[in-house]
Amino acid sequence: MRYIIFTLSLIFIIGCNTNKKELSEIEIDQIVNSISDPEKLYDIALSMRFTRDYEQYEASEFSTNDTIVLYIENYESEEKMFNRQIFFYQNQPIFINEIGYKPVDGQEIQYQQKIYLNNNEITSAYEAIIEDENLESLKFKPIELNISKFDFNKPKNAVHQKGDFEMKFGEFLIIEPESYLILDNKKSKYTVALYIIDGDETLNTLFEKQNQSKGKTVFVYHEFVTMNGINRMLYKGSYFVED
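Quick caveat, the model's predicted, so the values are computed rather than measured.

## Some words on the packing of aromatic side chains
Here the structure, examined in full by the defined rule, presents 17 aromatic pairs. In this arrangement the basic side chain of arginine 52 is found over the ring face of tyrosine 190, its NZ or CZ atom lying 4.1 Å from the centre. Lying across the ring of tyrosine 195, arginine 232 places its NZ or CZ 4.3 Å from the centre.

## Structural notes on the nonpolar core
Met48, Phe50, Leu181, Leu183, Val192 and Leu194 are the most contacted members of the largest nonpolar core, which totals 25 residues. Those elements giving two or more residues to this core turn out to be β3 (55-64), α2 (154-160), β10 (168-175), β11 (178-184), β12 (191-195), α3 (201-208), β13 (218-227) and β14 (230-240). If near-sequence neighbours (up to four positions away) are discounted, leucine 183 is found in contact with Met167, Lys168, Phe169, Gly170, Tyr190, Thr191, Val192, Leu194, Val218 and Val220. If you look at the next biggest cluster of nonpolar residues, it comprises 14 residues, including Ile28, Ile35, Ile94 and Tyr116.

## Some words on unusual backbone geometry
Note the cis peptide between glutamate 176 and proline 177, where omega equals 5°. In this structure, aspartate 53 is a non-glycine residue whose phi angle is positive, near 55°.

## Here's the deal with the side chain of serine 124
Secondary-structure assignment places serine 124 in strand β8 (residues 121-130). Excluding residues that lie within four positions of it along the chain, serine 124 makes contacts with Glu25, Lys114, Ile115 and Tyr116.

## As for the environment of isoleucine 143
By secondary structure assignment, the location of isoleucine 143 is in the loop between β9 (141-142) and α2. For isoleucine 143, a relative accessible area of 23% corresponds to the partly exposed category. When the C-alpha atoms of isoleucine 143 and glutamate 208 are compared, they prove to be 56 Å apart, with 65 residues separating the residues in sequence.

## A closer look at the pairing of strand β4 (residues 67-76)
One ladder, built from nine bridges, connects β3 with β4; its direction is antiparallel. Bridge pairing in β4 links glutamate 61 to tyrosine 71. The loop that links β3 with its antiparallel partner β4 comprises two residues; one of these, asparagine 65, has a positive phi angle of about 50°. Sheet analysis places β4 next to strand β5 (residues 81-89), joined by seven bridges and oriented antiparallel. Among the inter-strand pairings, leucine 70 is bridged to a residue of β5, identified as phenylalanine 87. Linkage of β4 to β5, two consecutive antiparallel strands, is achieved through a turn of four residues.

## Some points on the pattern of salt bridges
A complete count under the given rule lists ten salt bridges for this structure. Between glutamate 73 and arginine 84 there is a salt bridge whose closest N-O contact spans 3.3 Å. Placement of glutamate 73 in strand β4 and of arginine 84 in strand β5 is noted, with a sequence separation of eleven residues between them. Taken individually, glutamate 73 and arginine 84 each receive the classification buried, so the pair is uniform in this respect. Notably, a salt bridge pairs glutamate 98 with arginine 84, separated by 2.7 Å at the nearest N-O pair. You can see glutamate 98 sitting in strand β6 (residues 92-104) and its partner arginine 84 sitting in strand β5, a full 14 residues away along the chain. Given a relative accessible area of 1%, glutamate 98 falls into the buried group. Sharing partners across several salt bridges, the network here consists of Glu73, Arg84 and Glu98.

## A look at the pairing of β3
β3 sits mainly inside the fold: seven of its ten residues count as buried. When strand β1 (residues 43-46) meets β3, the two strands line up antiparallel, connected through four bridges. Counterpart to leucine 46 in the pairing with β3 is serine 60. Looking at chain direction, strand β2 (residues 50-52) and β3 are connected through three bridges and run antiparallel. Paired with threonine 51 across the strands is glutamine 56, a residue of β3.

## Quick word on the environment of valine 32
Secondary-structure assignment places valine 32 in helix α1 (residues 25-35). Residue valine 32 is classed as buried on the basis of its relative accessible area of 7%. Sequence separation of valine 32 and isoleucine 94 is 62 residues, and the distance between their C-alpha atoms is 8.6 Å.

Rules of the game
- Residues numbered from 1 in each chain as written.
- Predicted model: local features only at pLDDT ≥ 70, side-chain atom pairs only at ≥ 80, totals over all residues.
- Heavy atoms only, no water.
- Phe/Tyr/Trp six-rings, centres within 6.5 Å; stacked < 30°, edge-to-face > 60°.
- Lys NZ or Arg CZ within 6 Å of the ring centre and 35° of its normal.
- Core = buried A, V, L, I, M, F, W, Y, C linked by side-chain atoms within 4.5 Å.
- Buried < 20%, exposed > 50% of the residue type's maximum accessible area, 1.4 Å probe, protein only.
- Helix = DSSP H or I, 4+ residues; strand = E, 2+ residues; numbered from the N terminus.
- Contact = heavy atoms within 4.5 Å.
- Pairing = 2+ DSSP bridges.
- Salt bridge = Lys/Arg side-chain N within 4 Å of Asp/Glu carboxyl O.

Rendered as structure tokens:
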């Protein structure tokens, strides 16, 4: 069975210098470990779980005093899956920690990547192959990566339902006794299905005027819950977004 080892290791010193000087790997490690301190409290926003063909994507946003410090992305498809943590300092990405699976020579391997950035450029990157759960013994080797591999706006858009993740009304799916609200984005092909327990004014309007409402942008509040052993994305409210 696939498993992802998710860790946030810790250290710290955040400098007061506001100049955009290039940070060393040691300085970045210290900032990352400070952000990862389990004693720190953050405002956390979770995206919905978006699907597209055989892909699944979701993101989390961690902020303090309206400043983003971390995004976490979870991606899964038939070919690969990963958990990616993107750390920010002074509104710039400085470090990426990624653990996932990918096909190599016909086999599926588990890997971890550590990527250091300065001024929106990758300055160094390392990868290790994970063969057991002991992350302390990993042997990292330098690798070449292109910054174009990463879309730093993607998790933000997912959390705030913008861009490719702007959701529009599609339909109601009723499989007695269950009901779902289906939203999608025709351009990006992302879609969501929200399990409905309680109705509200927006749902009533959508249900009564389904044909007229198709294609209207709807911002949704949700919650992940486990019901009868099944993890569901529960509808918790919504509103129409004016064009």
